[in-house]
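The residues making up each chain are set out below.
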Amino acid sequence: MKIPKKLSKKIPKKIIEDFKKEVGNVPESKLKKLFVDLEKSYDDSKVEPGESVGLISAESLGEPGTQMTLDTKHFAGFSEMDLSSGLPRVIEVLDGRKTIKTPSMEIYLKSPYNKGKDVKKLALSIKELKLEDVSSEFLISVVDSVIEVILNPAKLKEFHLKSSDVEKTIKKSTKGIVVQLKDDKLILKIKTKDESLNFIYKIKEKLKKTYISGIKGIRQVLPVKVDGEFVIKTSGINLAGVLQLKFVDTERTYSNDLYEVAEVLGVEAVRQLIITEASKVFESQGISVNVRHFMLVADTMTHSGKVKGITRYGIVSEKASVLARASFETPIKHIIEASLLGEKDKLNSVIENVMLNQPVPVGTGLPGLVTKIK
């Protein structure tokens, strides 16, 4: 298919590539009409110069956002596998929350594992395993200052571990304790002067949380089939650790935590994550919002090179206008600070002019004349 030169210069490559995929093999006579339609659609989709894109985006996201439900997606049989959706998730994303309610990952696999080969085994190898997960009982002997850990053979078999593997790991991660293995029983003798029951109990509780295998932070795993391929969904996150695994498709695997993605993959990846996560929530609620509104919000949150939420601590704190800062939570604080410092408000933006009942200076993208013509 030959794209006319005029069209290829005018329309972005991505749109032309998508157009070729959608159209396929079409007779020459129909192709010309399609090119005309493509050019018209592209011209119609452009924003008029000076358009108040910020106001339109705020309205386009704010109004349908009020219709959202307080939703949570639950995976049957896994109490830890709840995922925040609906309004709570949108607030998490747009506020740029550092601690999110349900951190999770979608781990895509390379062939042949994405077709189902050893997928359960791989999922279990990713899950963070602690000593309490492979033990059936913890016993304390106060007289001998001994803790006995009775290992669960069925659990060890499920996670492809041996009793000796657990023994080695415990020896490496504990100090001041003599570790012995007898059949499926770990005997831990404490070598300290403090042999009180309270001290031994604290050590027992600490031992329960001792890391044995898997990737730290991944609390639960669930292999599911999505669009004909197997994907491992997780509760808990560790993007850096997961991306090092050989069987993982590193280009598509992602975490829903903005700050982790920023640290591992950079600010461009976070920008895309904000767009993906926000639009996914709106779609799941059956609300249709143009992706360009999400793009504008994502650009605003990440333009400085760091993630900044739309809160009084994030992008609102950077506003030059006193009245704009005061309009967004804690007004008294901002007005007192401004009066003490003798700040001036030049009324350049939307909010402060609305507050003073003045015309709003929209269309800031338009060029202005440097000098007045007599």
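S.K.: Describe a nonpolar patch on the surface, and please don't skip the residues or the numbers.
M.R.: On the surface, Leu55, Val354, Val360 and Val362 cluster together to form a nonpolar patch covering roughly 310 Å² of accessible area. Take valine 362: it is sitting in the segment after α16 (350-355).

S.K.: Explain the sheet that holds strand β3 (residues 104-108) to me, using residue names and the numbers behind them.
M.R.: The four strands lie next to each other as β10-β11-β3-β12, forming an open sheet whose pairing is antiparallel. Either end of the sheet is taken by a strand with one partner, and the two such strands are β10 (220-226) and β12 (254-255). The sheet contact formed by β10 and strand β11 (residues 229-235) spans seven bridges and is antiparallel. Paired with leucine 222 across the bridge in β11 is lysine 233.

S.K.: Outline the packing of aromatic side chains, listing residues and values.
M.R.: If you walk through the whole model with that rule in mind, you get three aromatic pairs. Aromatic side chains tyrosine 113 and phenylalanine 247 sit 6.3 Å apart centroid to centroid with 70 degrees between the ring planes, which places their arrangement in the edge-to-face category. Residue tyrosine 113 is found in the loop between β3 and α6 (119-126), and its partner phenylalanine 247 is found in the loop between α10 (239-242) and β12; the two are separated by 134 residues along the sequence. A relative accessible area of 24% means that tyrosine 113 is categorised as partly exposed. Phenylalanine 247 gets classed as buried once you look at its relative accessible area, which sits at 13%. For the ring pair phenylalanine 282 and phenylalanine 294, a centre distance of 5.3 Å and an interplane angle of 65 degrees mean the geometry is edge-to-face. Taken together, the positions of phenylalanine 282 in helix α12 (residues 267-284) and phenylalanine 294 in helix α13 (residues 291-302) put the pair twelve residues apart, joining distant regions of the chain. According to the relative accessible area criterion, phenylalanine 282 is buried, its value standing at 3%. One residue, lysine 208, lies across the ring of phenylalanine 138, its end atom 5.6 Å from the ring centre.

S.K.: Before we move on, can you summarise the pattern of salt bridges with the specific residues and values?
M.R.: Under the defined criterion, the tally for this structure stands at 20 salt bridges. One salt bridge in this structure joins glutamate 92 and arginine 89, with 2.9 Å as the shortest N-O distance. Here glutamate 92 and its partner arginine 89 are both found in helix α5 (residues 86-95), three residues apart, which amounts to about one turn of the helix. The exposure classification of glutamate 92 matches that of arginine 89, with both residues buried. Ionic pairing is found between glutamate 343 and arginine 325, a salt bridge with its closest N-O pair at 3.3 Å. Of this pair, glutamate 343 sits in the loop between α15 (331-341) and α16 while arginine 325 sits in helix α14 (residues 322-327), and the two are 18 residues apart along the sequence. Put simply, Arg89, Glu92, Glu277 and Lys280 are held in one network by salt bridges that share partners.

Conventions adopted
- Residues numbered from 1 in each chain as written.
- Predicted model: local features only at pLDDT ≥ 70, side-chain atom pairs only at ≥ 80, totals over all residues.
- Heavy atoms only, no water.
- Patch = residues over 30% accessible without salt bridge, like charges linked within 9 Å, V, L, I, M, F, W, Y side chains within 5 Å.
- Areas by Shrake-Rupley, 256 points an atom, 1.4 Å probe, with all protein chains shown as cover.
- Salt bridge = Lys/Arg side-chain N within 4 Å of Asp/Glu carboxyl O.
- Helix = DSSP H or I, 4+ residues; strand = E, 2+ residues; numbered from the N terminus.
- Pairing = 2+ DSSP bridges.
- Phe/Tyr/Trp six-rings, centres within 6.5 Å; stacked < 30°, edge-to-face > 60°.
- Buried < 20%, exposed > 50% of the residue type's maximum accessible area, 1.4 Å probe, protein only.
- Lys NZ or Arg CZ within 6 Å of the ring centre and 35° of its normal.

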